[in-house]
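Commentary on secondary and tertiary structure
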Amino acid sequence: MEILKAENLKAYYLLDIGGKLHSVRAVDDINISIKENEIYGIAGESGCGKSTLIKTLYGMVEPPLNVVDGKVYYRIDNEYKNIFSLNGALESIRWNYISYIPQGSMSVLNPVVKIIESFWDFIGSRVDISDKSTWRKNIEEHFALLGLPTKVLDAYPHQLSGGMRQRVTIALATILSPKIIVADEPSTALDVVAQRAVIQLLKEIQKNLKNTIILVTHDMGVHASISDRIAIMYAGKIVEEAPTSEIFESPRHPYTKYLIGALPKIGDKSYKVSAPGAPPSLLNSPSGCRFHPRCSQAMEECKVNVPELISVNSEHRVACFLYSKEREL
Ligand SMILES: Nc1ncnc2c1ncn2[C@@H]1O[C@H](COP(=O)(O)OP(=O)(O)O)[C@@H](O)[C@H]1O
Ligand code: SF4
Ligand SMILES: [Mg+2]
């Protein structure tokens, strides 16, 4: 069953440049349904709008970011609630219904206090922690469940490695057993060993809490090892979505093929397929299919018309003119 849905979601950064209003169309008409108990991956190169999308799904929309259209629903007590009309109530469900691990989450931990103090700060506003010894026990049990040493609670953030700090941040985000966890590049900027530990931890959490994880990373290798389904984002739009095995075995969109082709393979010394260039500025994105300036298969209509996200089967959607009912390859 679906736990979170976005319908026709548009979130733009509205900027005043020289007295004129400009929009950075970072999230541009997105429709997704995320299921209970799944790890939903969001992939795409840097600058494609991944962080903006999950901030918006979390309801963290502050100027210059504006939701200009569309809705985000959470299923709470079997009812779909539009989060943009929850107002103050949205704040009250953070950490216990949905939690967010921001990109560069080291900043979540207060550098001048011991880790346990960060826990008191975060959960103190959500639950009654007057019985601190019971809560300390709960936190220690949570650490044990996640395979983290409890002595870390009495350390300062600077005494821990980057990987350990990231795992502590994940422990913090999950201490109140939220139904949804939104994580932005949690393993990026870590060494390979620490990266693996973070991914393993997220897998364990999903298994234990039976919750939903929305995982953003530009790293397709990480998605291959953890995500159940993947949405590929390009220039503010979802261009393909399918179960992970299908994305890797039969990618349809030229951009997805490029992302997979760019992955290093063991023993493969061949030259990687490249899509020259980089994602466009979203202040002035290309007409038609936004990928057309980089696409080797671009046709005339790609420069003019915007391809709709269409279903190629019940679980696989793609937005590309190479695929339509008549022209299915
Ligand atoms: N505060 C901001 N003001 C204006 N533009 C922004 C802001 N934050 C991000 N952007 C722009 O929005 C686009 C998407 O950024 P982001 O969501 O961070 O992408 P990703 O997470 O995929 O790297 C980029 O073009 C970026 O420059
Ligand atoms: S719609 Fe056209 S330009 Fe866009 S990905 Fe498909 S073939 Fe390439
Ligand atoms: Mg980002």
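Residues numbered from 1 in each chain as written. Chains lettered and ligands numbered in written order. Predicted model: local features only at pLDDT ≥ 70, side-chain atom pairs only at ≥ 80, totals over all residues. Heavy atoms only, no water.

With that out of the way, let us pick up the packing of aromatic side chains. Each aromatic ring pair is specified by the distance between its two centres and by the angle formed by the two planes. Counted according to the given criterion, the structure contains eight aromatic pairs. Measuring from ring centre to ring centre gives 4.9 Å for Y58 and Y100, while their planes differ by 25°; the resulting arrangement is stacked. With a gap of 42 residues between them, Y58 in helix α1 (residues 50-58) and Y100 in strand β6 (residues 98-101) connect regions that are remote in the sequence. An aromatic cluster is present here, built from Y234, Y255, Y258 and F291 joined pairwise through their rings. Taking NZ or CZ as reference, K5 lies 5.8 Å from the ring centre of Y73, over its face. The side chain of K5 reaches across the aromatic face of Y80, ending 4.1 Å from its centre. (Phe/Tyr/Trp six-rings, centres within 6.5 Å; stacked < 30°, edge-to-face > 60°. Helix = DSSP H or I, 4+ residues; strand = E, 2+ residues; numbered from the N terminus. Lys NZ or Arg CZ within 6 Å of the ring centre and 35° of its normal.)

The subject of this paragraph is the sheet that holds strand β5 (residues 79-82). Within a sheet, neighbouring strands are paired by backbone hydrogen bonds and run either parallel or antiparallel to one another. One open sheet holds the four strands; their spatial order is β2-β1-β4-β5, and the pairing between them is antiparallel. The sheet is open, and its two borders are formed by β2 (20-35) and β5, each paired with just one other strand. This sheet shows a mean twist of 15° between the axes of neighbouring strands, independent of strand direction. For strand β1 (residues 2-17) and β2, the ladder comprises 12 bridges, and the chain directions are antiparallel. (Pairing = 2+ DSSP bridges. Axes fitted to C-alpha atoms, helices over the stretch in contact; angles between N-to-C directions.)

Close to ligand 2 lie H253, P254, C289, F291, H292, C295, Q297, A298, C302, C320, F321 and L322. The residue makeup of the shell around ligand 2, split by class, is nine nonpolar, three polar and no charged. (Near = heavy atom within 4 Å. Nonpolar A, V, L, I, M, F, W, Y, C, P; charged D, E, K, R; others polar.)

Our next topic: the coordination of the magnesium ion (ligand 3). For the magnesium ion (ligand 3), the full set of protein donor atoms is S51 (OG) and Q103 (OE1), and the range of their distances to it is 2.1 to 2.5 Å. On the criterion of sequence distance, the pair formed by S51 in helix α1 and Q103 in the loop between β6 and α3 (115-124) is long-range, its members being 52 residues apart. Among the residues examined, S51 registers a relative accessible area of 21% and is labelled partly exposed. (Donors = N, O, S within 2.8 Å, 3.2 Å for Na, K, Ca; no water. Buried < 20%, exposed > 50% of the residue type's maximum accessible area, 1.4 Å probe, protein only.)

Around ligand 1, the neighbouring residues are Y13, V24, A26, E45, S46, G47, C48, G49, K50, S51, T52 and L282. With respect to ligand 1, the backbone of G47 contributes an N or O atom lying 2.6 Å from an oxygen atom. Separating an oxygen atom of ligand 1 from a side-chain N or O atom of K50 is a distance of 2.8 Å. When contributions to the shell around ligand 1 are tallied by element, the ones reaching two or more residues are β2 and α1. Top element by residues in the shell around ligand 1 is α1. It accounts for three residues. Counted by class, the shell around ligand 1 contains five nonpolar, five polar and two charged residues. (Polar contact = N/O pair within 3.5 Å; in protein donor to acceptor, adjacent residues only side chain to side chain.)

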